[in-house]
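Architecture at a glance
Spelled out, the chains give:
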Amino acid sequence: MGKEIKAIVFDIGGVLCKTDWNPIKKEMMKKYNFSIFLYSDYPKKFQNRFRDINIGRISFKKVIKELSGFEEIDEIVNDYKKSFIKHQKINRELFSLIK
């Protein structure tokens, strides 16, 4: 017989992993001169983009293109992803509960 499912975890951010956003912002500002803090660093139009990304109304790449003003954004998106992964802290206590 297969393994029994004991729990389903829905993670909408900050449950399985915590993100340290400040170093990500600093890295993006230093290299590309734009912030990834949509709520605090941009007018209301961009503040709503975070919600739009989360509900699938707009792609992450389209928002990066709008924020940066660059046409070619693959390098920016890749650097963002690397920085995002680098600044994750795994919630080991929660993982130990679900193993």
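So, how was this worked out
Residues numbered from 1 in each chain as written. Predicted model: local features only at pLDDT ≥ 70, side-chain atom pairs only at ≥ 80, totals over all residues. Heavy atoms only, no water. Patch = residues over 30% accessible without salt bridge, like charges linked within 9 Å, V, L, I, M, F, W, Y side chains within 5 Å. Areas by Shrake-Rupley, 256 points an atom, 1.4 Å probe, with all protein chains shown as cover. Salt bridge = Lys/Arg side-chain N within 4 Å of Asp/Glu carboxyl O. Helix = DSSP H or I, 4+ residues; strand = E, 2+ residues; numbered from the N terminus. Core = buried A, V, L, I, M, F, W, Y, C linked by side-chain atoms within 4.5 Å. Buried < 20%, exposed > 50% of the residue type's maximum accessible area, 1.4 Å probe, protein only. Contact = heavy atoms within 4.5 Å. Phe/Tyr/Trp six-rings, centres within 6.5 Å; stacked < 30°, edge-to-face > 60°.

The grouping of Ile5, Ile8 and Phe10 at the surface amounts to a nonpolar patch, some 420 Å² of accessible area in total. Summarising the element assignment, Ile5 is placed in the segment before β1 (17–19).

Of all hydrophobic cores here, the largest spans 15 residues; its most connected members are Met28, Phe34, Ile36, Ile64 and Ile76. Elements supplying a minimum of two residues to this core: α1 (21–32), α4 (60–68) and α5 (74–86). For Met28, the contacting residues outside a window of four places in its chain are Asn33, Phe34, Ile36, Ile76 and Tyr80.

Another aspect to go through is the packing of aromatic side chains. Inspection of the entire model under this criterion finds four aromatic pairs. Aromatic side chains Trp21 and Phe84 sit 5.4 Å apart centroid to centroid with 50° between the ring planes, which places their arrangement in the tilted category. Linking Trp21 in helix α1 with Phe84 in helix α5, this pair joins segments that are 63 residues apart in sequence. Consider the rings of Tyr32 and Phe34, whose centres lie 6.4 Å apart with planes at 45°: the pair is tilted. By the burial criterion, Tyr32 is buried, and Phe34 matches it. The structure contains a cluster of three or more aromatic residues connected by ring pairs, namely Trp21, Phe60, Tyr80 and Phe84.

Right, let's get into the pattern of salt bridges. One pass over the full model with this rule turns up seven salt bridges. With a closest N to O distance of 3.2 Å, Arg51 and Asp52 form a salt bridge. By relative accessible area, which is 39% here, Arg51 ends up partly exposed. With its nearest N and O atoms 3.7 Å apart, the salt bridge here joins Asp74 to Lys61. Of the two residues, Asp74 is situated in helix α5 and Lys61 in helix α4; the sequence distance between them amounts to 13 residues. The exposure class assigned to Asp74 is partly exposed, which follows from its relative accessible area of 45%. The class for Lys61 is partly exposed, based on a relative accessible area of 42%. Because the salt bridges share partners, they merge into one network encompassing Lys31, Glu75 and Asp79.

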